[in-house]
Amino acid sequence: GPQIFRTMGSESKADADTEQRRISDSRVEDNDYMSKRLWVYEEAKGTIQQALLSDPELSQTRNQVFMDVSAEGLRIQIVDDRKRPMFSVGGVEMAAYARNLMRLIGSAIKEMPNMVRIEGHTDGLKYGNGPAGYSNWELSTERANAARRELVLGGLEEKRISQVVGFADTIRLNPTNPNDPLNRRISITVQNAKVGDLPTSKPTGPSPAPKGLERPVAPPPSKSGPLPPSAAPAAVPAKAPPAKAPP
């Protein structure tokens, strides 16, 4: 009798030790995976930065591109500049420099095995066609999809794309000024999730704006009057919705 209980107790302890070793091994594998990912992310950042500096046209955009490594992965954000917007005003037609930039990024990350999420973000200015009309939700989504097309043309495989999503102005890079051009951006995240894993549905939030890109807070535009010169619109009130771009 007592011997049986002692044996069962030993087996239970052995099972517990085995489970603990499994958990420890799993943590080691995860740490190794993240260490390798960090190295690959830093290498990709360096490749993109060097390519920007070596291209006479794209070197002018270096203050519009910034990258950070977070718990989600490598995040590449391309923000608007008042004098160099990525898209036509209130539309989805991408400027030539922005197309070249997206293709450069697509080429830089094409060899990485991780899934990629593409996000579109607008500023807080609204269309003037009512709450049920074309809005910044559609605009941000279509702009993200325009970025997807250029990334694929740059070499990124279609199957690597996990999400193409628009967030309108719900995740602001500059929360103190909804109409800051910084808030109009394309965000590309090379996710930590391995191929086949389900991606998260929404990013944890924007990274702080680099000091070189911070803008002074501008007064909100009057609903009845013209927009102030400092607030370049993401969408012009009463403007007709842009024509849909081909898939």
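Residues numbered from 1 in each chain as written. Predicted model: local features only at pLDDT ≥ 70, side-chain atom pairs only at ≥ 80, totals over all residues. Heavy atoms only, no water.

(A) Just the pairing of strand 5 (residues 185-191), in detail. Judged by how many residues are buried, strand 5 sits mostly within the fold: seven of seven residues are covered. Side chains Arg185, Ser187, Thr189 and Gln191 project from strand 5 onto one buried face, and the interleaved Ile186, Ile188 and Val190 project onto a second face that is buried too. Where strand 2 (residues 73-79) meets strand 5, seven bridges bridge the pair, whose relative direction is antiparallel. Across the sheet, the residue bridging to arginine 75 is threonine 189, located in strand 5. Note that strand 3 (residues 116-121) and strand 5 share six bridges and pair antiparallel. Following the sheet pairing, glutamate 119 is matched in strand 5 by serine 187. (Buried < 20%, exposed > 50% of the residue type's maximum accessible area, 1.4 Å probe, protein only. Helix = DSSP H or I, 4+ residues; strand = E, 2+ residues; numbered from the N terminus. Pairing = 2+ DSSP bridges.)

(B) How the structure looks around helix 2 (residues 96-109). The end-to-end C-alpha distance of helix 2 is 20 Å, a good match for the 20 Å that 14 residues give at a rise of 1.5 Å each. Considered for burial, the residues of helix 2 that qualify are Tyr97, Ala98, Leu101, Met102, Leu104, Ile105, Gly106 and Ile109. (Expected span 1.5 Å × (residues − 1).)

(C) Representation of the nonpolar core within the structure. Grouped together as the largest cluster of nonpolar side chains are 33 residues, with contacts concentrated most on Ile76, Ile78, Met102, Ile105, Ile109 and Ile188. The dominant element in this core, judged by the number of residues it contributes, is helix 2, at seven residues. Beyond its immediate stretch of four places on either side in the chain, isoleucine 188 contacts Leu74, Arg75, Ile76, Ile78, Met102, Ile105, Ile109, Val116, Arg117 and Leu151. (Core = buried A, V, L, I, M, F, W, Y, C linked by side-chain atoms within 4.5 Å. Contact = heavy atoms within 4.5 Å.)

(D) The side chain of asparagine 114, seen in detail. Summarising the element assignment, asparagine 114 is placed in the loop between helix 2 and strand 3. A relative accessible area of 1% means that asparagine 114 is categorised as buried. Of note is the side chain of asparagine 114, whose polar atom sits 2.7 Å from the backbone oxygen of glutamine 191. (Polar contact = N/O pair within 3.5 Å; in protein donor to acceptor, adjacent residues only side chain to side chain.)

(E) Representation of the pattern of salt bridges within the structure. Per the stated rule, a full pass over the model turns up 11 salt bridges. One salt bridge connects arginine 184 with aspartate 123, and the closest N-O pair in it is separated by 2.8 Å. Residue arginine 184 is found in the loop between strand 4 (161-166) and strand 5, and its partner aspartate 123 is found in the loop between strand 3 and helix 3 (136-153); the two are separated by 61 residues along the sequence. Here arginine 184 matches aspartate 123 in class, with each residue buried. Taken together, the shared-partner salt bridges connect Asp68, Glu72, Arg75, Arg117 and Glu119 into one network. (Salt bridge = Lys/Arg side-chain N within 4 Å of Asp/Glu carboxyl O.)

(F) Region of the structure containing the environment of leucine 104. For leucine 104, the position within the fold is in helix 2. Judged by its relative accessible area of 17%, leucine 104 is buried. Separated by 52 residues in sequence, leucine 104 and leucine 52 have C-alpha atoms that sit 8.6 Å apart. Beyond its immediate sequence surroundings of up to four residues, leucine 104 is in contact with Ile48, Ala51, Leu52 and Leu58.

(G) Representation of the sheet that holds strand 3 within the structure. Taken in spatial order, the five strands of this open sheet run 1-2-5-3-4, and their pairing is mixed. Each of the sheet's edge strands pairs with one partner strand only, and the pair in question is strand 1 (65-69) and strand 4. Adjacent strand axes in the sheet meet at a mean angle of 15 degrees, parallel and antiparallel pairs treated alike. Of the strand pairs in this sheet, strand 1 and strand 2 are connected by five bridges, and their pairing is antiparallel. Across the sheet, aspartate 68 pairs through a bridge with arginine 75, a residue of strand 2. Its contacts with the sheet place helix 3 against strand 3, strand 4 and strand 5, and it is angled at close to 145 degrees to strand 4. (Axes fitted to C-alpha atoms, helices over the stretch in contact; angles between N-to-C directions.)

(H) Looking closely at the packing of aromatic side chains. Summed over the entire model, instances satisfying the criterion amount to one aromatic pair. Summarising the aromatic geometry, the rings of tyrosine 127 and tyrosine 134 are spaced 5.3 Å apart at their centres and angled 90 degrees between planes, so their arrangement reads as edge-to-face. Each member of the pair, tyrosine 127 together with tyrosine 134, is buried. Of note, arginine 84 hangs over the ring of tyrosine 97, and the distance from its end group to the ring centre comes to 5.2 Å. (Phe/Tyr/Trp six-rings, centres within 6.5 Å; stacked < 30°, edge-to-face > 60°. Lys NZ or Arg CZ within 6 Å of the ring centre and 35° of its normal.)

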